[in-house]
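Each chain, written out:
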Amino acid sequence: MSGPVNWLSQIAAVTKFGLLSIPQRRASVAAATIGIAGVVAVLVGVLSIAAGFRRAMAASGSPDAALVLRSGADTEMVSGFLRDSTRIIADAPGVARTPEGPLASAELFVIINLPKISTGSDVNVPLRGVERAALKVREGLKVVKGRMFEWGRDEVIVGIGAAREFDGLQVGDKLKVGRYLWPVVGIFSAGGGAADSEIWSDATVLQAAYHRGDSFQSVFIKLKSPEAFNEFKDAVTTDPRINAQVFRQADYYAENSASVTRLITTLGYLIASLMAIGAVFGALNTMYSSVSARNREIATLRALGFGSGAVVASVMLESIALAILGGVVGAGLSYVAFNGFHTATMNWQSFSQVTFALAVTPELLVQGVVWATLIGAIGGLLPAIRAARQPIATALWEL
Amino acid sequence: MKFLYLIWGNLRRKKTRTVLTLLSIVVAFVLYGFLSAIKQALTGGVSLEGANRLIVRHKVSIIQLLPESYKRRMQKIPGVAAVTHQTWFGGIYQDPKKFFMQNPVVPDEFLDMHPEILLPAEQRQAWLQTRTGAIVGRKTAERFNWKIGDKVPIQSSIWSKKNGSFLWEFDIVGIFDGREKNTDTTPMFFRYDYFDEARRGGTGQVGWYTVRVQDTARPAEVAKLVDAEFENSSYETKTEAEGAFVQAWAKQIGDIALITASILGAVFFTILLVTGNTISQSVRERTGELGLLKAIGFTNAQMLALVLAESCLLAVLGGVIGLGAAWLLTSHGDPTGGMLPLYFFPARDVIAGFAMCVALGLVTGLLPALQAMRLRVADSLRRI
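Procedures and definitions
Residues numbered from 1 in each chain as written. Chains lettered and ligands numbered in written order. Predicted model: local features only at pLDDT ≥ 70, side-chain atom pairs only at ≥ 80, totals over all residues. Helix = DSSP H or I, 4+ residues; strand = E, 2+ residues; numbered from the N terminus. Rg over C-alpha atoms; globule rule 2.2 N^0.38 Å. Buried ≥ 20, exposed ≤ 12 C-beta atoms within 10 Å, placed from the backbone. Contact = placed C-beta atoms within 7 Å. Pairing = 2+ DSSP bridges. Axes fitted to C-alpha atoms, helices over the stretch in contact; angles between N-to-C directions. Nonpolar A, V, L, I, M, F, W, Y, C, P; charged D, E, K, R; others polar. Parallel < 35°, antiparallel > 145°, perpendicular 65-115°, else oblique. Left-handed = near helix turned anticlockwise from the far one by under 90°. Domains from an automatic or database assignment.

1. Some thoughts on the overall build of chain A
Point 1. Of regular secondary structure, chain A possesses 12 helices and 16 strands.
Point 2. Against the compact-globule benchmark of 21 Å for 399 residues, chain A has a radius of gyration of 30 Å, which places it well outside the compact range.
Point 3. Judged by the C-alpha coordinates and their principal axes, chain A covers about 95 × 45 × 30 Å.
Point 4. Counting across all 399 residues of chain A, residues that qualify as buried make up 54%.
Point 5. Looking at chain A alone, contacts between residues at least 24 apart form 82% of all its contacts between residues at least 6 apart.

Encoded structure:
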């Protein structure tokens, strides 16, 4: 027989021994496998929060969408423009135009306290005042229930995420803004983007309610094309009459979500690493007992001429196979439990809530199984080496 | 106690296995420590001092300002002992990612309201004499290597000066410490009179008020009186206890208690399986010996205690090492670089953790212990 084939058949023989003996060691095997499943489920679960949050923010801007804020303002919350400035910005070169005028919406962004349904406590919900162009500036935004508010009237429409997470935002409900009661007349969807978490009203109505005079906080722009961005940016930032900075909407939202996703990801990896260390100990325990239960068999095989490499490989193989099984179970569990689960958290940049769905992405599932494989490999290595190094005579002596 | 040697001997029978089990228990409790610290950081800024303090904010949301003139009206409300205010400045030092809070305050009122902020008397005096003076918490001072006498430029994202510039300069006149462990020593405070005179727009308006109620008064009733005072004005207020305010803030992030509990649940379930499995395995291997012990006169209760003691010893040893390691690791502070200023492992959670490891020992040992107790001498000796 040629070398490699012989070696492979040796591995197969030893692995078969291991696998056949699993029913006798089922408690210990189950404990290790479930342990690894637990690690993977928690890892994938925590990271799916970050992935979902990032996805919600990333869905918020196409490449030809821009946002203008006052210089030095890192969020809409602290930005501000008078109407004169917003007109200049809307008329700048690079802005897409329709017969009704430029596709630019000067907006107000404030927050309002509403009870969150899941916890019952008050949270900051974003309330946005928009101009007529707002619906065209944002791609894919549509009213899915009820109707659009009428311009100039005290009415609001509510993002689909906000309506789900916060109390009193169904069509027909009345929203209390200070001393005013504004009826909710419709629910809109922005395809999973940040606007889904918001309540919208006419900007002029909101200006009056918040004593804002004729001022705005931001201007949302639809560009002629993605390439028109630089032309637009240069025109706005060099205009001496206004003091503004320009972002692509996608960059702005990515920047906004960075700190929250970093926090969740850091904590997620920290927790998962610790759990993984625990799971490695579990796997080591299982494989040591697997090896010690078969001491005599392995020694016999080696006395017959099996190589120690084959023994190491087969023990590793068994450990990795069990770990992958655990990893797949864990990843599957977290997919079933977490994917698409709707929740809301605070965006620390704007101190207001963002609603989103947890996203168990294929990358996360793969990552989970990779972690399981590593745990299995580490957990199998030491016992494999011990099995291969055991002096044959001593092991047979035990017979 | 005389059986301790026997228990110890049993644990040493398979050293690798014992050490591995011990380590997985250690890891579980290190993780528990981290999660406690994270939970503390997100929900913990509630001090005893805050029990008789109320926060008064604009009813619609905290970003809306209240008139400074409300202070005099609040002072007249029965049950109110002291009133002071703060305003969100939203400043950036060098890099927007290096976040810390800076608020303008009225120095005397502020320091009297917050006895948990420890500022040496001469620094307090210096602050009162320096119009552009600011005090900063120890953590931030160390982070940016600020010394007393330094001039620090802060770029506000909200407030501009009368000349249109958003860049403000402050003189560091004091560095404060926290009296309690959960006192936040990352903020910077500067003088409201300087701020109000220099800012363009918003003159005479402040962010929120802190009210201390008299010892004899009930905070909830005072809160109602405050809100009633300003009802139907153009600046209606919402007043709540400082603790409730901080917790509501934490709840905005999500239900942290639930998330922590579910992760811990998953971890302990896993550890329970691993440890329980190890112990029952080692009991099974020793069936013969245990039978022998019974044959020479060990009672059922003694058998039960022997196995339980073994599992508890393992769990407590692992638990104590784990809690100790978590204590050491978390004492290095915030792993996220400034987002969790109150990150530490609180003492009450250490005690709860100890109770948990004892419970872990009892639960994992119970089944094998019962097995050992029910062992019939004849059966077990036959196996030898």
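2. Comments concerning the sheet that holds strand 12 (residues 208-213) of chain B
Residues and elements named next belong to chain B.
Point 1. An order of 3-12-1-13 is seen for the four strands of this open sheet, with the pairing classed as antiparallel. Taken across any chain shown, the strands that pair with only one partner, and hence form the sheet edges, are strand 3 (80-86) and strand 13 (237-241). Here the strands of the sheet are splayed against their neighbours by 25° on average, with no regard to which way each runs.
Point 2. In this structure, strand 1 (residues 53-58) lies alongside strand 13, joined through five bridges in antiparallel fashion. Residue pairing for strand 13: H58 is matched across the bridge by T237.
Point 3. Along the sheet, helix 8 (residues 219-229) contacts strand 1, strand 3, strand 12 and strand 13; its crossing angle with strand 13, the most-contacted strand, is approximately 170°.

3. Observations regarding the interface of chain B and chain A
Point 1. The interface is formed by 43 residues belonging to chain B together with 45 residues belonging to chain A.
Point 2. Per-element accounting of the side of chain B that touches chain A gives the leading share, 12 residues, to helix 2 (residues 15-43) of chain B.
Point 3. When the residues that make up the side of chain B that touches chain A are grouped by side-chain class, the tally is 24 nonpolar, 14 polar and five charged.

4. So, the packing of helix 12 (residues 300-330) of chain B against helix 13 (residues 347-374) of chain B
The axes of two packed helices give the description: the angle between them and the distance between them.
Residues and elements named next belong to chain B.
Point 1. It is the contact of helix 12 with helix 13, at a shortest axis distance of 7 Å, that shows an interaxial angle of 150°. By the criterion of interaxial angle, the relationship of helix 12 to helix 13 is roughly antiparallel. Viewed along their axes, helix 12 and helix 13 form a crossing whose handedness is right-handed.
Point 2. Along the lines of polarity and charge, the residues of the contact of helix 12 with helix 13 split into 20 nonpolar, eight polar and one charged.

5. Considerations on the pairing of strand 16 (residues 352-357) of chain A
Residue and element names in this part refer to chain A.
Point 1. Burial within strand 16 is extensive, with five of its six residues counted as buried.
Point 2. Two elements, strand 15 (residues 342-347) and strand 16, share six bridges in a ladder whose sense is antiparallel. Residue pairing in the sheet places T343 in a bridge with F356 of strand 16.

6. Re the domain arrangement of chain A
Residue and element names in this part refer to chain A.
Point 1. Domain assignment breaks chain A into domain 1 (3-58 + 257-397) and domain 2 (72-242).
Point 2. A C-alpha centroid distance of 47 Å is found between domain 1 and domain 2.
Point 3. Of the residues lining the interface, 12 residues belong to domain 1; the matching set on domain 2 comes to 18 residues.
Point 4. Looking at the side of domain 1 that touches domain 2, the elements that each hand over two or more residues are helix 2 (26-58), strand 15 and strand 16.
Point 5. Sort the elements by how many residues they give to the side of domain 1 that touches domain 2 and strand 16 lands first, with four residues.

7. Quick notes on the pairing of strand 5 (residues 104-115) of chain A
Residues and elements named next belong to chain A.
Point 1. With respect to burial, strand 5 is a largely interior element, 10 of its 12 residues being buried.
Point 2. Of the pairings in the sheet, the one linking strand 5 to strand 6 (residues 122-130) comprises eight bridges and is antiparallel in character. The partner of I112 across the bridge, within strand 6, is V125.

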